[in-house]
Amino acid sequence: MTGAARPSARLLESALRRAQPLSALLELTYACNWRCVFCYNPRHHDGRRLDGAEWSAVIADLRELGTLNVTLTGGEPLAHPDAFSVMEDVRRRAMTFRLFTNGSLVTEEVAARLAALRPVAVELSLHGARPETHDLTTATPGSFDALWRGVAALKRHQVPVVLKTPLSRLNERELEEMTTLAEREGVPYNVDATLTHRDDGDPGPLQFSVTREGLGRFYAFLAGRNALPRSHRTPGGVNCGLGRATLAVDPEGNVYPCPQWRKSSLGNVRDARLADLWRGSPVRGEAADVAVRANDALLAGGGPMARFPFCPAVAFERTGDAVHADPLHVAQAEAAEQARLAAAPGPAPLETGA
């Protein structure tokens, strides 16, 4: 399993110190032709969706702020009528981009246009090793086959492809088979065992979270591949780039201090420039402080959580406390630690960051 490319340690340290949003996630649309059962989007249609000209102004401000990497997502981003003009704007301003898509709208023509824009990667979600599992998760018959048609078109046009899986109780027993499928295709494959609330606070997706037995199998599998997640924390450091090195803009122009943090918005790009919102919002400063307090709290608590990646935004969604780990996250950290201890001695584990 291969992780996503990350900025150099020196570049990230500089961005954290200067509050420079190296990475931005732009949700182009809520619209989607699939209905994944644990989707974090609160709806599948757009009310006041930003158009291409509005996204162009956002991208110009990102360049001014020093952003280097943009992720375009949704919903299904290719459902936005101006999706390609947004991608072209990103490239014109010398930024790289990733595209998150379900693959069903990737025709030969779309794949050729993407190839010309040279994305870092097009990332697609694999929800099962078998059609029945994948289609059950997406609530869309034929989605498994549509995914693979999209992958094939992208590969024919030499577009870098990444497969990824939100691990759930629906597909947890097919992990090894899904890994085999990705290896057969010769593409990087990432798995995440964390499901989140919907962006409107609905906890419904959590009912599909991996079982305790599934967590144990997952982390034992990662241990066997020397790929267990791990964080190195230092006193006074930061847990993550919350409020410092990341930002997100939703389809209607609301700005957040990281992709997952929906507790409070910095404002809306229809009311003020993104650059001004980033530089002047007290919300961003408060979120940045959370990243410091979470780091220190995890170190003070010691044990597995002191060494395991932590998301303050997910913790806040689950318990209202952004600084301390929630029970579901503790279960993940403990399962990873048990797998680490049970693994045979070998080379140092792959570091995945905070």
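So, how was this worked out
- Residues numbered from 1 in each chain as written.
- Predicted model: local features only at pLDDT ≥ 70, side-chain atom pairs only at ≥ 80, totals over all residues.
- Heavy atoms only, no water.
- Helix = DSSP H or I, 4+ residues; strand = E, 2+ residues; numbered from the N terminus.
- Rg over C-alpha atoms; globule rule 2.2 N^0.38 Å.
- Buried < 20%, exposed > 50% of the residue type's maximum accessible area, 1.4 Å probe, protein only.
- Contact = heavy atoms within 4.5 Å.
- Areas by Shrake-Rupley, 256 points an atom, 1.4 Å probe, with all protein chains shown as cover.
- Lys, Arg positive; Asp, Glu negative; His and termini not counted.
- Charge placed at Lys NZ, Arg CZ, Asp CG, Glu CD.
- Pairing = 2+ DSSP bridges.
- Axes fitted to C-alpha atoms, helices over the stretch in contact; angles between N-to-C directions.
- Parallel < 35°, antiparallel > 145°, perpendicular 65-115°, else oblique.
- Left-handed = near helix turned anticlockwise from the far one by under 90°.
- Nonpolar A, V, L, I, M, F, W, Y, C, P; charged D, E, K, R; others polar.
- Salt bridge = Lys/Arg side-chain N within 4 Å of Asp/Glu carboxyl O.
- Right-handed = clockwise from strand over helix to strand, strands pointing away.
- Phe/Tyr/Trp six-rings, centres within 6.5 Å; stacked < 30°, edge-to-face > 60°.
- Lys NZ or Arg CZ within 6 Å of the ring centre and 35° of its normal.

Participant: Hey, could you run me through the overall build of the protein chain in this one?
Facilitator: Scanning the protein chain from N- to C-terminus turns up twelve helices and nine strands. The C-alpha radius of gyration computed for the protein chain amounts to 20 Å, which stays within 12% of the reference 20 Å derived for 354 residues, consistent with globular compactness. The principal-axis extents of the C-alpha atoms in the protein chain amount to approximately 55 × 45 × 35 Å. Classification of the 354 residues of the protein chain by burial places 54% in the buried group. Considering only residue pairs separated by 6 or more positions, the protein chain has 72% of its internal contacts joining residues 24 or more positions apart. Of the roughly 15,100 Å² of accessible surface on the protein chain, 53% is carried by carbon and sulfur atoms. Computed over 40 positive and 41 negative side-chain charges, the separation of the two mean positions in the protein chain equals 4 Å.

Participant: I'm lost on the sheet that holds strand β6 (residues 189–192) in this one. Help?
Facilitator: Each strand in a sheet pairs with its neighbour through backbone hydrogen bonds, running either in the same direction (parallel) or in the opposite one (antiparallel). Overall, mixed pairing links the nine strands, which are arranged β6-β5-β4-β3-β2-β1-β7-β8-β9 in an open sheet. Single-partner strands in this sheet number two, and they are β6 and β9 (267–268). Bridge count between strand β1 (residues 23–27) and strand β7 (residues 246–249): four bridges; the pairing is parallel. By the bridge assignment for β7, Leu26 is matched with Val249. Packing of helix α3 (residues 83–92) onto the sheet brings it into contact with β2 (69–73) and β3 (96–100), and relative to β3 it is tilted by some 155°. This element, helix α7 (residues 175–185), spans β5 (161–166) and β6 of the sheet and lies at about 155° to β6.

Participant: Explanation requested: helix α5 (residues 131–138) in the structure shown.
Facilitator: Because an α-helix completes one turn every 3.6 residues, residues spaced three or four positions apart along the sequence face the same direction. Turning to α5, its buried residues are Thr133, His134, Asp135, Thr137 and Thr138. Buried-residue contacts for α5 involve β4 (121–125) and α6 (143–156). Trailing α5 by a residue or two, Ala139 shows a phi angle of about 55°, which is positive.

Participant: Teacher, can you tell me more about the environment of Pro141 here?
Facilitator: Summarising the element assignment, Pro141 is placed in the loop between α5 and α6. On the basis of relative accessible area, Pro141 is assigned to the exposed category, the value being 77%.

Participant: What's the story with unusual backbone geometry in this structure? I'm lost.
Facilitator: Glycine aside, residues mostly have negative phi, and peptide bonds are mostly found in the trans state. A cis amide bond, omega 20°, links Gly74 with the succeeding residue Gly75. Of note, the phi angle at Ala139 is positive, near 55°, even though the residue is not glycine. Here Ala139 is to be found in the loop between α5 and α6. Assessed through its relative accessible area of 46%, Ala139 is described here as partly exposed.

Participant: Just checking my understanding: could you explain α3 for this structure?
Facilitator: All of the buried residues in α3 are Ala83, Phe84, Val86, Met87, Asp89 and Val90. Looking one or two residues past α3, Ala94 carries a phi angle of roughly 60°, positive in sign.

Participant: Help me understand the side chain of Thr71 in this model?
Facilitator: Following the sequence through the fold, Thr71 ends up in strand β2. Not counting chain neighbours up to four residues away, the residues in contact with Thr71 comprise Ala24, Leu25, Leu26, Arg98 and Phe100.

Participant: What is the right way to look at the packing of helix α4 (residues 108–117) against α6 in this model?
Facilitator: For any two helices packed against each other, the geometry is given by the interaxial angle and the distance between the axes. Put simply, α4 and α6 touch, their axes get as near as 9 Å, and they point 45° apart. With respect to their mutual orientation, α4 and α6 come out oblique. Where α4 crosses over α6, the handedness of that crossing is right-handed. The residues of α6 that touch α4, namely those facing Glu108, Ala111 and Leu114, are Ala153, Leu154 and Arg156. Along the lines of polarity and charge, the residues of the contact of α4 with α6 split into four nonpolar, no polar and two charged.

Participant: I would appreciate a short explanation of the pattern of salt bridges in the present structure.
Facilitator: When the charged atoms of two side chains with opposite charge come close together, those side chains can pair. Within the structure shown, the criterion is met by 21 salt bridges. A salt bridge links Arg130 to Glu174, with the shortest nitrogen-to-oxygen separation between them at 3.8 Å. One end of the pair, Arg130, is in the loop between β4 and α5; the other, Glu174, is in the loop between β5 and α7, and 44 residues separate them in sequence. Here the residues in one salt-bridge network are Asp61, Glu64, Arg273 and Arg279, joined through shared partners.

Participant: Looking at this model, I keep getting lost on the packing of helix α2 (residues 52–65) against α3. Mind explaining?
Facilitator: Between α2 and α3, the least distance of the axes is 9 Å, while the angle of their chain directions is 20°. Taken together, the axes of α2 and α3 are roughly parallel relative to one another. Note that α2 runs across α3; the crossing there is right-handed. Within the contact between the two elements, α2 uses Gly52, Trp55, Ser56 and Ile59 and α3 uses Ser85, Val86, Asp89 and Val90. By residue class, the composition of the contact of α2 with α3 is four nonpolar, three polar and one charged.

Participant: What exactly am I supposed to notice about the pairing of β6 here?
Facilitator: Consecutive residues of a regular strand have side chains that alternate between opposite faces of the sheet. A one-sided burial pattern is seen for β6, the buried positions being Tyr189 and Val191 and the unburied ones Asn190 and Asp192. Judged from the four bridges that link them, β5 and β6 form a sheet pairing that is parallel. Note that in β6 the partner of Thr165 across the bridge is Val191. Regarding the hand of the β-α-β motif, the stretch spanning β5, α7 and β6 is right-handed.

Participant: Looking at this structure, I do not really get the packing of aromatic side chains. What am I missing?
Facilitator: For any pair of aromatic rings, geometry is given as the distance between the ring centres together with the angle between the planes. A complete count under the given rule lists five aromatic pairs for this structure. Arranged with centres 6.1 Å apart and planes meeting at 75°, the rings of Tyr219 and Phe308 form a pair that is edge-to-face. In this pair, Tyr219 sits in helix α8 (residues 212–224) while Phe308 sits in the loop between α10 (282–301) and α11 (312–319), placing the two residues 89 residues apart along the sequence. There is no split in this pair, since Tyr219 and Phe308 are both buried. These aromatic residues form a ring-pair network of at least three members: Phe218, Tyr219 and Phe308. When the ring centre of Trp148 is taken as reference, the NZ or CZ atom of Arg184 above it lies at 5.7 Å. Cation over ring: Lys263 sits above Phe316, and NZ or CZ is 5.4 Å from the ring centre.

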